[in-house]
Amino acid sequence: MKHIYYQEGQLYCEQVRLHDLAEEYDTPLYVYSKTQILENFNAINGAFGEMDHVTCYALKANSNPAVLKMLAEAGAGADVVSGGELFLALRAGFPQQKITFAGVGKREDEIEYALKENIFSISVESIQELQLVSLVANRLNTTAQVSIRINPDIDAESHPYITTGLKQNKFGIESEKIQETFKIAKSLPSIEIHGIHTHIGSQITKVEPFAAAAKLVVDWVAKLRADGIGITHIDFGGGIGVPYANTIKHEALPVDELPENQIPPAEQFIAGVLPTLQQAGCSVWVEPGRSIVADAGVLLTKVLYTKETSARKFVVVDAGMTELLRPSLYGAYHQIVPLSIDTFVQEKVDVVGPICESGDFLARDRLMPKTKQQDLLAVMTVGAYGFVSASNYNGRLRPAEILVNGDRVRVIRPRQTFDHLLQ
Ligand code: LLP
């Protein structure tokens, strides 16, 4: 069930009217549904049944400490990509043995931090990194549990900026060098090589690329075992896509012009790879981010001005690329809807922010209900990769974040004040 919905023309998050939140806490404002996040997590985690697995939440999607805490309490593990995310994961209460650390450019101090905290796995992406992990582990008189991230050269058919499993991408070890890399890992002191990791990209909308990656990983586990390398752990990464178009429907809303995304629900992605992955007899970890939090979040924004030129109609709102970077960076599509529906008249507009860049827009050439000054709007499906990419560019203050649970409302991050700009 969707927890952001219309009732009598008013947009709600769980039992709370979003118009009331915008008035009380001001805009721009991020609002998340706790119930939606937990339902999303439980659907993915539950899809594994009795299998030995850990669903590691990818912190990069949304690292608000309150969100992390509730996922840790729900039994999630954590996929971190920096010392900062490791710190947040530990603070939120994720058990060390359910934390995995990926990333192509780990610094020595970050490796040291991970080893001192005795996390489950460091996912290594190059031979030089392996050597550094070995050196640091040796110095600390400990053994590093290591996975190696392979680059399967599979096209995830996603946006080029978030496709990670192709040869030309910086991630992982390409197939020609996989055997050699594992052999080096086996020979290095203070390293226990236990896993194989892959992550082919993000916002993947079909099961097929995952199925191909699963087959490849399982084949590698067999080859490596034949070489005497005892793999016991598969980390299959994240990347499950979510719909962005037509996520919310109302008779006053246009049907988005994008073809309705026929994206299978997350549990179907898992079901599509489990039978293959099971053949390896390993523990299987996954690292979903977007599919847990994206549809649980909205960004509330206010119409400052409407403005018409001979070429276009603009709706100038108080949120822009500093609050939500995805449209500017990837041309990403987010549905934008009114908090209160009061008209059936529609018009085609550009929804733009206040930043001094022509690339600062939330929507272009978008048919939507006609808006006027002071109207309140919701940008949909922003729970993932939304707030985390907010910046202080143009002296903007990072917005507040609110968590709704039933009829309860909690500020989980206050809005920044001018003082933050001095730090
Ligand atoms: N694991 C690794 C190693 C990753 O690099 C990522 C995402 C994930 C897991 C989580 O992927 P997810 O389940 O969320 O697709 N800023 C972009 C997305 C960047 C994804 C980076 N890596 C966006 O807004 O679409």
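Look up: the structure comes first, before these words.
For clarity, every value in this text was computed on a predicted model and none was experimentally measured. (Residues numbered from 1 in each chain as written. Predicted model: local features only at pLDDT ≥ 70, side-chain atom pairs only at ≥ 80, totals over all residues. Heavy atoms only, no water.)

What follows concerns the packing of helix H4 (residues 83–92) against helix H5 (residues 108–116). The geometry of a pair of packed helices is captured by two quantities: the angle between their axes and the separation between those axes. Look at H4 against H5: their axes get within 9 Å of each other, and the N-to-C directions meet at 25°. Judged by the inter-axis angle, H4 sits roughly parallel to H5. Between H4 and H5 lies a crossing whose hand is left-handed. Across from Gly83, Leu86, Phe87 and Leu90 in H4, the residues of H5 making contact are Glu110, Tyr113 and Ala114. (Axes fitted to C-alpha atoms, helices over the stretch in contact; angles between N-to-C directions. Helix = DSSP H or I, 4+ residues; strand = E, 2+ residues; numbered from the N terminus. Parallel < 35°, antiparallel > 145°, perpendicular 65-115°, else oblique. Left-handed = near helix turned anticlockwise from the far one by under 90°. Contact = heavy atoms within 4.5 Å.)

Now for the sheet that holds strand S2 (residues 10–13). Reading across from one edge, S1-S2-S3 is the order of the three strands in this open sheet, with antiparallel pairing throughout. Sheet topology places strand S1 (4–7) and strand S3 (16–17) at the edges, where each strand pairs with a single neighbour. Bridge count between S2 and S3: two bridges; the pairing is antiparallel. Residue pairing across strands places Cys13 opposite Val16, the latter belonging to S3. (Pairing = 2+ DSSP bridges.)

Around the ligand, the surrounding shell holds 17 residues, and the nearest of these are Ser202, Glu287, Arg326, Tyr330 and Tyr385. At a separation of 2.8 Å, an oxygen atom of the ligand approaches a polar backbone atom of Gly239. At 2.8 Å, a side-chain N or O of Tyr330 approaches a nitrogen atom of the ligand. In terms of domain composition, the shell around the ligand takes at least three residues from each of domain 1 (4–13 + 19–29 + 295–422) and domain 2 (34–288). (Near = heavy atom within 4 Å. Polar contact = N/O pair within 3.5 Å; in protein donor to acceptor, adjacent residues only side chain to side chain. Domains from an automatic or database assignment.)

Within this structure, the stated rule accounts for two cavities of 30 Å³ or more. Counted as a void, the largest cavity has a volume near 120 Å³. In terms of lining, the largest cavity is formed by 15 residues, of which the most central are Phe236, Ile240, Ile270, Val273 and Val286. Broken down by secondary-structure element, the contributors of at least two residues to the lining of the largest cavity are helix H9 (266–278) and strand S13 (283–286). Here the element with the most residues in the lining of the largest cavity is H9; it accounts for five residues. Considered class by class, the residues forming the lining of the largest cavity number 13 nonpolar, two polar and no charged. The calculated volume of the second largest cavity comes to roughly 60 Å³. Lining of the second largest cavity is provided by Leu253, Pro254, Asp256, Gln335, Ile336, Val337, Arg366, Leu367, Met368 and Pro369. Looking at the lining of the second largest cavity, the elements with two or more residues in it are strand S16 (336–338) and strand S18 (361–369). Here the lining of the second largest cavity gets four residues from one element, more than from any other, and that element is S18. Partitioned by chemical class, the residues of the lining of the second largest cavity number seven nonpolar, one polar and two charged. Counting only domains with at least three residues in the lining of the second largest cavity, you end up with domain 1 (4–13 + 19–29 + 295–422) and domain 2 (34–288). (1 Å grid on protein atoms, 1.4 Å probe; cavity = no way out; pocket = protein on both sides within 12 Å on 5 of 7 lines; lining within 4 Å. Points joined across faces, edges and corners; volume = space filled by probe spheres on them. Nonpolar A, V, L, I, M, F, W, Y, C, P; charged D, E, K, R; others polar.)

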